[in-house]
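# Observations on the three-dimensional arrangement
Residue strings, one per chain:
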Amino acid sequence: MTQAEEQLPLSGIRVFELGIAIASPFCGRLMAHFGADVLKIESRTSPDVVRLLGSAWLRDREDLASIAGDTSPYVSEMNASKRSVGLELKTEQGRATAMTLIAECDVFLANFGARALADLGFDYEAVKAVNPEIVYVQLPGFGSNPEMPYYPFVAWGPNQAPLVGMDDFTGHSDDPPAGIATVAPPDYMSALHAAIATLTGLEQRDLTGKGVHVDISQFETTLALLGPFVMDYDLTGTVYSRMGNRSMWGAPQGVYPCAGDERWIAISASDEDDWDTLRELVGDAIDSKFDDPSLRLAQQDELDEQLATWTVNFQVEDLAHRLQKHGIAAHTVSTNEDLLHDTHVISRNWYQVAPSKRLGRDVFSGSAVKLDGTSGTWSHAGPSMGQHTREVLRELAGLSDVQIDELVETAAAFEPVDPETVTTRPWDDWIHMFLPGVEDARDL
Amino acid sequence: MSGPYTGIKVIDTTGLTGAYATRLFAGLGAEVVRLEPPEGSSLRRLAPFVETLEPPENSLWWNYLAMGTRSVVIDPGDSASLAQVVSQADVIFEDQLPENAMFPDEAVNPATIRTRILPFGLTGPKRGWQSSNLIAWAASGILYTTGFTDRAPVAPAAPVQLICHAAGASALAGTLLALRSKRLTGNAQNIEVSMQEAALAIAPETGVPMLLDDRVHRQRTGNRRDLGRPFGLYPCKDGFVSLIVLMPRHWLAMAQWVAETTGNESITEAVFEDNAVRIEAKDLIDEWVEELTTQGTRLELFEEGQRRGIPITPVNTIDALVDDPHLKAAGYWSSTELQDGTEVTVPGAPFRTNAQWWSTSRAPLLGEHTGLYLT
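Here is what the cut-offs are and how they apply
- Residues numbered from 1 in each chain as written.
- Chains lettered and ligands numbered in written order.
- Predicted model: local features only at pLDDT ≥ 70, side-chain atom pairs only at ≥ 80, totals over all residues.
- Helix = DSSP H or I, 4+ residues; strand = E, 2+ residues; numbered from the N terminus.
- Buried ≥ 20, exposed ≤ 12 C-beta atoms within 10 Å, placed from the backbone.
- Expected span 1.5 Å × (residues − 1).
- Pairing = 2+ DSSP bridges.
- Contact = placed C-beta atoms within 7 Å.
- Axes fitted to C-alpha atoms, helices over the stretch in contact; angles between N-to-C directions.
- Nonpolar A, V, L, I, M, F, W, Y, C, P; charged D, E, K, R; others polar.
- Domains from an automatic or database assignment.
- Core = buried A, V, L, I, M, F, W, Y, C linked by C-beta atoms within 7 Å.
- Right-handed = clockwise from strand over helix to strand, strands pointing away.
- Parallel < 35°, antiparallel > 145°, perpendicular 65-115°, else oblique.
- Left-handed = near helix turned anticlockwise from the far one by under 90°.
- pLDDT = per-residue confidence, 0-100.

## Thoughts on the overall build of chain B
Scanning chain B from terminus to terminus reveals 14 helices and twelve strands. Seen through its principal axes, chain B has C-alpha atoms that stretch 80 × 50 × 40 Å. Within the span of chain B, comprising 375 residues, buried residues form 55% of the whole.

## Overview of helix 9 (residues 185-208) of chain A
Residue and element names in this part refer to chain A. For helix 9, with 24 residues, the first-to-last C-alpha span of 34 Å sits near the 34 Å given by 1.5 Å per residue. Judged by how many residues are buried, helix 9 sits mostly within the fold: 20 of 24 residues are covered. Of the residues flanking the end of helix 9, it is Gly209, one or two places downstream, whose phi is positive at about 80°.

## So, the sheet that holds strand 12 (residues 352-353) of chain B
Here eight strands make up an open sheet; going across it, the order is 13(A)-3(A)-2(A)-1(A)-4(A)-5(A)-6(A)-12(B) and the pairing mixed. Edge strands, defined here as strands with exactly one partner in the open sheet, are strand 13 (413-414) of chain A together with strand 12 of chain B. Where strand 4 (residues 107-110) of chain A meets strand 5 (residues 135-138) of chain A, four bridges bridge the pair, whose relative direction is parallel. Note on strand 5 of chain A: the bridge partner recorded for Phe108(A) is Tyr136(A). Together, strand 4, strand 5 and strand 6 (212-215) of chain A form the strand contacts of helix 9 of chain A, whose direction differs from that of strand 5 of chain A by roughly 165°.

## So, the interface of chain A and chain B
Facing the 123 residues of chain A at the interface are 120 residues of chain B. Top contributing element to the side of chain A that touches chain B by residue count: helix 9 of chain A, with 14 residues. Looking at side-chain class alone, the side of chain A that touches chain B contains 72 nonpolar, 36 polar and 15 charged residues. When strand 12 (residues 370-371) of chain A meets strand 6 (residues 191-194) of chain B, the two strands line up antiparallel, connected through two bridges. Paired with Lys370(A) across the bridge in strand 6 of chain B is Glu192(B).

## Focus on the sheet that holds strand 9 (residues 312-314) of chain B
Residue and element names in this part refer to chain B. Strand order in the open sheet formed by three strands is 7-8-9, with antiparallel pairing between adjacent strands. Two strands close off the open sheet at either side, each with one partner strand: strand 7 (231-236) and strand 9. For this sheet the average axis-to-axis angle between neighbouring strands, irrespective of direction, equals 25°. Here six bridges tie strand 7 to strand 8 (residues 239-244), and the two strands are oriented antiparallel to one another. Residue pairing across strands places Tyr234 opposite Val241, the latter belonging to strand 8. Of the strands in this sheet, strand 7 and strand 8 touch helix 10 (residues 282-293), which is tilted by about 45° from strand 7. Lying on the sheet, helix 11 (residues 298-307) is in contact with strand 7, strand 8 and strand 9; it crosses strand 9 at an angle near 160°.

## Things to note about the domain arrangement of chain A
Each assigned domain of chain A is listed with its residue range as follows: domain 1 (3-216 + 347-443) and domain 2 (253-340). Put simply, the middle of domain 1 of chain A and the middle of domain 2 of chain A, counted by C-alpha atoms, are 41 Å apart.

## Thoughts on the nonpolar core
With 224 residues, the main nonpolar core has Phe108(A), Ile265(A) and Ala173(B) as its most contacted residues. Apart from the residues lying within four places of it in its own chain, the contact partners of Ile265(A) are Tyr256(A), Cys258(A), Thr311(A), Val316(A), Leu319(A), Ala320(A), Ala330(A), Thr332(A) and Val333(A). Among the nonpolar cores identified, the runner-up in size contains 25 residues, and Trp251(B), Val258(B), Ile312(B) and Val315(B) belong to it.

## Topic: the pairing of strand 2 (residues 37-42) of chain A
All names here are of chain A. With respect to burial, strand 2 is a largely interior element, six of its six residues being buried. What you see with strand 2 is no split at all: Asp37, Leu39 and Ile41 on one side and Val38, Lys40 and Glu42 on the other are buried throughout. Of the pairings in the sheet, the one linking strand 1 (residues 14-18) to strand 2 comprises four bridges and is parallel in character. Bridging from a neighbouring strand, Glu17 pairs with Lys40 of strand 2. Following the chain from strand 1 across helix 2 (residues 23-33) to the adjacent parallel strand 2, one finds a crossover that is right-handed. Examined bridge by bridge, strand 2 and strand 3 (residues 83-87) share four bridges and lie parallel to one another. Across the sheet, Glu42 pairs through a bridge with Gly86, a residue of strand 3.

## Some remarks on helix 8 (residues 248-262) of chain B
Residues and elements named next belong to chain B. Along its 15 residues, helix 8 runs 21 Å from first to last C-alpha, staying within 8% of the 21 Å computed at 1.5 Å per residue. Where the residues of helix 8 are buried, they touch helix 10 and helix 11. Of the residues one or two after helix 8, Gly263 is the one with positive phi, at around 75°.

## A look at the packing of helix 2 of chain A against helix 9 of chain A
Residue and element names in this part refer to chain A. Packing of helix 2 against helix 9 leaves a shortest axis separation of 8 Å and a crossing angle of 45°. With respect to each other, helix 2 and helix 9 are oriented oblique. Two packed elements cross with a definite hand, and for helix 2 against helix 9 that hand is right-handed. Residue-level contacts link Ala23, Ser24, Phe26, Cys27, Leu30 and Met31 of helix 2 to Asp187, Tyr188, Ser190, Ala191, Ala194, Ala195 and Thr198 of helix 9. Considered class by class, the residues forming the contact of helix 2 with helix 9 number nine nonpolar, three polar and one charged.

## With respect to unusual backbone geometry
Cis geometry marks the peptide bond from Pro55(B) to Pro56(B); its omega dihedral reads 5°. As for its placement among the helices and strands, Pro56(B) is situated in the loop between strand 2 (31-36) and helix 2 (60-65). A positive phi angle, near 60°, is found at Ala21(A), a position not held by glycine. Relative to the helices and strands, Ala21(A) resides in the loop between strand 1 and helix 2. Phi at Arg215(B) is positive, roughly 55°, even though this residue is not glycine.

## With respect to the domain arrangement of chain B
Taken domain by domain, chain B comprises domain 1 (9-203 + 335-373) and domain 2 (231-317). Using C-alpha coordinates to define each centre, domain 1 of chain B is positioned 42 Å away from domain 2 of chain B.

## So, the pairing of strand 5 of chain A
Side-chain positions along a regular strand alternate between the two faces of the sheet. Residues and elements named next belong to chain A. Residues Val135 and Val137 point to one face of strand 5 and Tyr136 and Gln138 to the other, with burial holding for every one of them. Relative to strand 6, strand 5 runs parallel, the two sharing four bridges. The residue of strand 6 that forms the bridge with Val137 is Val214.

## Re the confidence of the model for chain A
For chain A, per-residue confidence averages 93 on the pLDDT scale, and residues scoring 70 or more make up 96% of the total. Note that pLDDT drops below 50 for residues 1-5 of chain A; the model gives that stretch five contacts with residues more than four away or on any other chain.

## Some details on the environment of Thr332(A)
Positionally, Thr332(A) belongs in strand 9 (residues 329-332). Residue classification places Thr332(A) among the buried residues on the basis of 22 C-beta atoms within 10 Å.

## Thoughts on the confidence of the model for chain B
Mean pLDDT over chain B stands at 96; residues scoring 70 or higher make up 100%. For this predicted complex, the interface confidence score (ipTM) comes to 0.97, while the overall pTM stands at 0.97.

Shown next, in the form of structure tokens:
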């Protein structure tokens with residue numbers, strides 16, 4: 001361990017993670033970035049969905065089919081800097097080995113369904129029995145109380161957003177709901193709450209010696225973001241719904257066309273100072289009656305139409321710079337290609353590059369949480385399935401190589417498939433975008 | 001016992017972006033002071049308002065997000081009072097660049113952790129740019145991919161202000177990391193969260209690693225997605241339900257349900273067990289599925305579909321959520337008190353613990369606690 005790693009806020013903390021997809025893994029990766037040793041427990045018989053996604057360019061490569069599970073970009077997005085331990089928890093030996101690891105951990109983190117977790121034998125009581133001080137954090141869709149109506153229901157990311165009202169809130173007011181299936185805020189918001197709960201649990205444990213059971217029902221957690229709308233419904237019966245990109249707090253705010261095909265700009269100019277500035281820029285493209293702020297809110301259709309006749313004359317990047325230069329919040333509605341060339345994003349090293357056993361190196365998103373004293377590390381990209389099984393079982397479970405061989409032979413544990421098979425992503429030459437001055441990140 | 005952060009003194013000078021963070025922090029025990037100018041925090045000016053109350057006590061955003069905190073009013077020109085309050089803080093939440101801070105660096109104790117939530121961060125060419133929830137979504141790649149093809153793209157759940165809360169929750173996670181670090185090493189440090197990065201972090205679907213993997217320009221496809229069928233929002237008697245059928249066992253259960261309810265036996269033909277075939281025949285599949293969904297209400301379809309093991313959920317509206325049977329049975333809802341004594345329903349604790357962590361109280365009146373902090 002280097003000096004820097006020793007000083008990270010979570011160095012010395014070990015996390016046992018039973019995570020799938022996003023909600024638990026996104027929390028685990030934040031902890032790994034800040035120094036925790038996160039053991040991602042993986043199964044070959046029922047793999048994490050990120051292992052099933054594979055990679056687009058690999059679909060016709062039969063020679064690489066056996067390693068497809070190590071190649072989805074989501075593997076690194078969700079699991080960078082973690083250690084992957086292949087253990088089949090449905091086998092008795094696999095479960096027993098997992099319990100010996102749990103005894104060496106500070107945190108238990110899981111987003112398996114509550115019933116699945118209990119059936120596997122890893123509910124809080126079982127885990128506490130081997131580690132009384134454990135900080136146990138679970139993120140089931142509907143909580144861990146089997147008495148509750150939705151306890152057995154199928155919940156996963158994209159389906160939680162409509163449930164908590166987010167799809168109904170998405171779209172223009174005169175359209176059907178547009179839905180938000182491209183993104184899963186409930187997963188990420190639950191993950192951030194899990195990180196906050198885990199850190200709070202560690203604080204309690206360090207100060208009092210007592211562990212804790214945290215039950216994060218993704219349904220309840222995400223609903224905590226809707227307070228003002230719940231209150232207004234209770235007080236007046238008002239049911240808020242989608243309102244496009246508009247603001248309840250002032251106008252104009254919206255997404256407007258610019259020159260070219262499908263080029264759009266987002267503008268938030270909802271307070272009085274913004275309007276004075278915008279008025280100077282647009283001149284008489286907008287009717288003078290809109291100098292009255294109440295009319296701006298009351299007649300937004302007309303205001304937006306007039307503003308659009310002005311924005312459409314500009315190249316989107318030019319207009320965004322021009323508006324921001326005058327202090328008005330505006331931004332290109334970025335496409336994924338725009339992000340590849342976004343000089344601001346690149347200058348902040350948002351996309352990170354780290355070594356990958358299978359791919360040489362891999363690129364993934366950084367952390368939105370930035371500390372200026374202990375800035376965190378990405379020791380490696382997403383691990384191969386079972387990459388660290390042997391080292392972890394030796395180190396933490398005290399098993400000999402012979403004992404580990406036995407676990408592997410009886411399919412209670414596994415190691416990487418074809419460990420000598422190494423490939424590169426077809427876009428490997430793009431790496432210079434993210435590592436200015438480094439010609440070949442394999443030098444890392 | 002009370003929350004583990006009892007005894008930690010926090011000052012919040014932010015508006016909407018920091019408010020969710022300090023609401024949680026206060027709920028976990030911290031003593032949070034909202035430092036307000038005489039006219040009140042910007043959060044107090046956000047609609048919806050309580051009709052029967054006057055400003056600055058009538059904003060529902062304030063009455064929700066400021067729960068559990070205290071209000072201290074200091075005139076921005078009164079540097080002596082600012083210094084007196086600020087020097088006591090373990091943590092300060094700010095939403096301004098350092099050169100625009102409410103108080104000079106000298107007023108801040110070197111042992112204080114400063115947490116800044118900024119539009120585009122402390123560095124980079126857009127350092128001085130302004131932002132909002134909408135702007136952050138635009139800068140994430142996700143806004144471009146959300147909405148119907150014949151309309152302008154839309155931000156996900158715009159009224160909820162998700163990116164403000166994601167930035168706030170990220171800032172609190174960073175703050176708790178820094179507090180732990182300080183407890184272990186004695187060193188204070190500062191936290192920075194860029195709203196754009198808070199959005200990018202929850203948007204890998206439109207991120208560069210995904211683009212470099214499949215080279216697909218992602219664009220909006222309305223409220224259904226061509227990853228599978230049925231996949232997306234389907235109309236029913238009182239709104240819409242969401243269906244995401246990808247797994248073979250989910251399709252078999254779905255086809256069986258449609259056949260039993262509508263008498264359509266064609267849907268159970270083996271050829272449709274192939275997701276690629278269903279995507280090819282998506283208009284037909286959607287029509288058959290709608291024959292089922294239009295016969296039930298959101299709640300009926302949710303309960304029956306889930307009983308059959310199908311990933312179906314209602315497209316809920318606020319009224320349906322407040323009346324939801326699971327949330328009622330779980331005792332989720334809580335309440336708070338407004339200035340005139342009215343009790344109003346609010347969401348309860350964001351998570352449950354076997355130790356007593358979460359406690360909160362009504363939002364403070366403007367300047368309610370000034371006397372406690374200024375002598």
